[in-house]
Amino acid sequence: MTTDLIVTLDGPSGTGKSTVSRLLARRLAIPYLDTGAFYRAATLAALAAGADLSDAEDVGRIVAEAEFSQRGDRMILNGEDVSETIRSAEVTLHVSEVSAHPSVRALLVGHQRAWLDANGRQAVVEGRDIGSVVFPNASHKIYLDARPEVRAARRADQVGDKDTTEVLADIQRRDHLDSTRAASPLTIPDDAIVLDTSDLDIDQVVDRIVALVADS
Ligand code: DC
């Protein structure tokens, strides 16, 4: 029997979370789960069905009927690889609204817990509520943060957008929605280690987390 090794990485977007999680998983030789991709896929399913996104019951039904799986870094929705489509501006615009519904969260958290069991309970898992709600007993909890201007510049770079003012406004809008929603808001778990990545490069962040994991 293996021991659980669950490294949770929570925090807002633009902190380097996704890149750090992928590299960290590779360094630790364990799989990686991107829970934001589930919320994005749920949003895509609701949009494709023409649902009223404010209608919790309607959206909940669509998400309950959909099939989600993640293989490597590919997100599969109803048997189709949607890894690129879920990064579209339309999905990004609506994902906070869909992920605020408790019914949606309950369903997706169930899928995320099942994924961990199916993967031998050793993984790097990134999201917004992983250390606080999804895996509160995780062995290592990290919360990544960075100054808003730094996060906007990184995000603008990632999506090839030159207008950082607009990107900053969008990041602040999503931060506000994600951290003020009633169900599982973005929060720093009590027992998490907070790492500000503003003045660190990706390798430095990964090195620090590897050292933390090795130390305990
Ligand atoms: O990490 P991301 O930008 O792909 O996440 C997309 C959205 O999904 C984000 O705005 C909030 C939501 N999300 C969430 O509510 N809980 C998670 N564990 C992960 C993401």
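None of these values were measured; they are calculated from a predicted model. (Residues numbered from 1 in each chain as written. Predicted model: local features only at pLDDT ≥ 70, side-chain atom pairs only at ≥ 80, totals over all residues. Heavy atoms only, no water.)

Draft legend 1. Local environment of the overall build of the protein. A count of helical and extended segments in the protein gives 9 helices and 8 strands. Compactness check: the protein gives a C-alpha radius of gyration of 17 Å against a globular reference of 17 Å for 216 residues, within 12% of the reference. Counting the 216 residues in the protein, one finds 49% classified as buried. When contacts within the protein are restricted to residue pairs at least 6 apart in sequence, long-range pairs at least 24 apart make up 75% of them. Counting only carbon and sulfur atoms, one obtains 51% of the accessible surface of the protein, whose full area is about 10,400 Å². Taken together, the 23 basic and 35 acidic charged side chains of the protein have centroids lying 3 Å from each other. (Helix = DSSP H or I, 4+ residues; strand = E, 2+ residues; numbered from the N terminus. Rg over C-alpha atoms; globule rule 2.2 N^0.38 Å. Buried < 20%, exposed > 50% of the residue type's maximum accessible area, 1.4 Å probe, protein only. Contact = heavy atoms within 4.5 Å. Areas by Shrake-Rupley, 256 points an atom, 1.4 Å probe, with all protein chains shown as cover. Lys, Arg positive; Asp, Glu negative; His and termini not counted. Charge placed at Lys NZ, Arg CZ, Asp CG, Glu CD.)

Draft legend 2. Spatial organisation of the pairing of strand β3 (residues 68–71). Only one face of β3 is covered, namely the face carrying Phe68 and Gln70; the face carrying Ser69 and Arg71 is uncovered. Between β3 and strand β4 (residues 74–77), which pair antiparallel and follow one another directly, the connecting turn spans 2 residues, one of which, Gly72, has a positive phi of 60°. (Pairing = 2+ DSSP bridges.)

Draft legend 3. Expanded view of the sheet that holds strand β6 (residues 122–127). Strand order in the open sheet made by the 5 strands is β2-β6-β1-β7-β8, with parallel pairing throughout. What marks the edges here is a single partner per strand, and that holds for β2 (32–34) and β8 (193–196). Here the average twist between neighbouring strands, direction ignored, is 20°. This element, helix α2 (residues 35–48), spans β2 and β6 of the sheet and lies at about 35° to β2. Against the sheet, helix α9 (residues 202–215) engages β1 (5–10), β7 (140–145) and β8, with an angle of about 160° to β7. (Axes fitted to C-alpha atoms, helices over the stretch in contact; angles between N-to-C directions.)

Draft legend 4. Structural view of helix α7 (residues 148–159). Along its 12 residues, α7 runs 16 Å from first to last C-alpha, staying within 8% of the 16 Å computed at 1.5 Å per residue. Within α7, burial applies to Val150, Arg151, Ala152, Arg155 and Ala156. For α7, the secondary structure elements touched by its buried residues are α4 (89–99) and α8 (164–180). (Expected span 1.5 Å × (residues − 1).)

Draft legend 5. Just the environment of Ser21, in detail. Summarising the element assignment, Ser21 is placed in helix α1 (residues 17–28). The spatial distance from the C-alpha of Ser21 to the C-alpha of Ile209 is 10.0 Å, given a sequence separation of 188 residues. Residue contacts for Ser21: discarding those within four places in its chain leaves Leu9, Tyr32, Val124 and Glu126.

Draft legend 6. Broad picture of the nonpolar core. Ranked by internal contacts, the top residues of the largest apolar core, which has 35 residues, are Val59, Phe68, Met75, Leu77, Val104, Leu108 and Phe135. Elements with a contribution of two residues or more to this core: α2, α3 (56–65), β4, α4, α5 (102–118), β6 and α6 (130–134). If one sorts the elements of this core by residue count, α2 sits on top with 8 residues. Filtering out sequence-adjacent residues up to four positions away, Val104 remains in contact with Tyr39, Ala42, Val59, Val63 and Val98. By size, the runner-up hydrophobic cluster in this structure holds 19 residues, among which are Val7, Leu9, Leu24 and Ile30. (Core = buried A, V, L, I, M, F, W, Y, C linked by side-chain atoms within 4.5 Å.)

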